[in-house]
Amino acid sequence: MKPILYYIQKWRGDIPVTDNQIIAVFNERHPETLKDIQALGLDPQFIGTGSSRKVYRLTETMVVKIPYYNSTQNAQEILVIERINRESELEHLRPHTPEMFYGNKKTGVSLMKYYKPISSYASVIRKTEEVGQLFFQIGVYDLGGNNFRLDTDDTIVAVDLGCANEPVPEND
Ligand SMILES: Nc1ncnc2c1ncn2[C@@H]1O[C@H](COP(=O)(O)OP(=O)(O)O)[C@@H](O)[C@H]1O
Ligand SMILES: [Mg+2]
């Protein structure tokens, strides 16, 4: 069986595959490993890693997070993001929460918007500490350094929400 995205690229010549096409294929195939994702015809470019996930850029605007150790951290992160998007009293966190296009709690794989690296200006670092405090208030800890990145308009985004006091209730 030929990979779906291979066909999409064939049809479209040199027009790159879109984020929405990738999201649709993830929803259909639910790839689990880097190999599975490459087999879809994609060419993931490694961005960074921490204690449990490897992150790859798929397009200009989208990354994939793949667990390599303790996939519960990714499942936890998916729950936290869903909770922030659902609960109106957590609206103040939304500008600092990564946009998630696909999140699979079983495999731990997620698709997110790409955020650029943070600058090392003291004023930015101070702001990351303030944002970290806001997340700490809802039980998310371990935010610092590389776990912050910047949105296109330079808003600080906490890209690693995987460390949260368990359990994060789904409907509290
Ligand atoms: N949405 C994203 N856009 C760009 N880079 C990201 C994104 N999410 C994570 N990263 C980079 O990848 C690294 C590893 O991701 P992270 O979620 O922190 O994994 P871990 O849970 O293993 O620490 C991060 O430190 C960050 O620099
Ligand atoms: Mg991290």
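This is a predicted model, so every value here is computed, not measured.

Caption draft 1: Examining the overall build of the chain more closely. Each helix and strand in the chain was counted, giving five helices and eight strands. Start at the N end of the chain and walk to the C end: the helices and strands fall as α-α-α-β-β-β-α-β-β-β-α-β-β. Overall, the C-alpha framework of the chain stretches about 50 × 35 × 30 Å when taken along its three principal axes. Burial analysis of the chain (172 residues in total) assigns 33% to the buried set.

Caption draft 2: The arrangement of the pairing of strand β4 (residues 100-103) in detail. Pairing of β4 with strand β5 (residues 110-113), which is carried by three bridges, proceeds in the antiparallel orientation. Counterpart to Tyr-102 in the pairing with β5 is Leu-111. Where β4 hands over to β5, the hairpin turn is made up of six residues, of which Gly-108 adopts a positive phi near 80°.

Caption draft 3: Fine view of the sheet that holds strand β7 (residues 148-150). Strands sit in the order β6-β7-β8 across an open sheet of three strands; the sheet is antiparallel. The open sheet has two free edges, formed respectively by β6 (116-117) and β8 (156-158), since each of these has just one partner strand. Those strands touched by helix α5 (residues 122-136) are β7 and β8, and its axis lies near 40° from that of β8.

Caption draft 4: Structural view of the site of ligand 1. Surveying the vicinity of ligand 1 reveals 22 residues, the closest of which are Gly-48, Gly-50, Asn-146, Val-159 and Asp-160. Contributions of two or more residues to the shell around ligand 1 are made by β1 (45-49), β2 (53-57), β3 (62-67) and β5. In terms of residue count, the dominant contributor to the shell around ligand 1 is β1 (three residues). Classifying every residue of the shell around ligand 1 gives eight nonpolar, nine polar and five charged.

Caption draft 5: Spotlight on the nonpolar core. Counting 36 residues, the largest nonpolar core has Leu-58, Val-63, Val-64 and Ala-158 as its most contacted members. Only α2 (19-29), β2, β3, α4 (72-86), β5 and β8 provide two or more residues apiece to this core. A per-element tally of this core places α4 first, with six residues. Those residues within four positions of Ala-158 in sequence are excluded, and the remaining contacts are His-96, Thr-97, Val-131, Phe-135, Leu-143, Asn-147 and Phe-148.

Caption draft 6: Summary view of the sheet that holds β5. Taken together, the five strands give an open sheet; going across it, the order is β1-β2-β3-β5-β4, and neighbouring strands pair in antiparallel fashion. Pairing within the sheet leaves two strands with one partner each, and these edge strands are β1 and β4. Sheet twist, expressed as the mean angle between neighbouring strand axes with direction ignored, is 25°. Pairing of β1 with β2, which is carried by four bridges, proceeds in the antiparallel orientation. Of the residues in β2, the one forming a bridge with Thr-49 is Lys-54. Contacting β3, β4 and β5, α2 runs over the sheet at an angle of about 20° to β4.

Caption draft 7: Quick look at unusual backbone geometry. Even without glycine at this site, His-30 takes up a positive phi of about 50°. Secondary-structure assignment places His-30 in the loop between α2 and α3 (34-39). Judged by the 13 C-beta atoms lying within 10 Å of it, His-30 falls in the partly exposed class. You will see that Asp-154, though not glycine, has its phi angle at about 75°, which is positive. Along the chain, Asp-154 falls in the loop between β7 and β8. Residue Asp-154 is classed as exposed on the basis of its 11 C-beta neighbours within 10 Å.

About the cut-offs
Residues numbered from 1 in each chain as written. Chains lettered and ligands numbered in written order. Predicted model: local features only at pLDDT ≥ 70, side-chain atom pairs only at ≥ 80, totals over all residues. Helix = DSSP H or I, 4+ residues; strand = E, 2+ residues; numbered from the N terminus. Buried ≥ 20, exposed ≤ 12 C-beta atoms within 10 Å, placed from the backbone. Pairing = 2+ DSSP bridges. Contact = placed C-beta atoms within 7 Å. Axes fitted to C-alpha atoms, helices over the stretch in contact; angles between N-to-C directions. Near = placed C-beta within 6 Å. Nonpolar A, V, L, I, M, F, W, Y, C, P; charged D, E, K, R; others polar. Core = buried A, V, L, I, M, F, W, Y, C linked by C-beta atoms within 7 Å.

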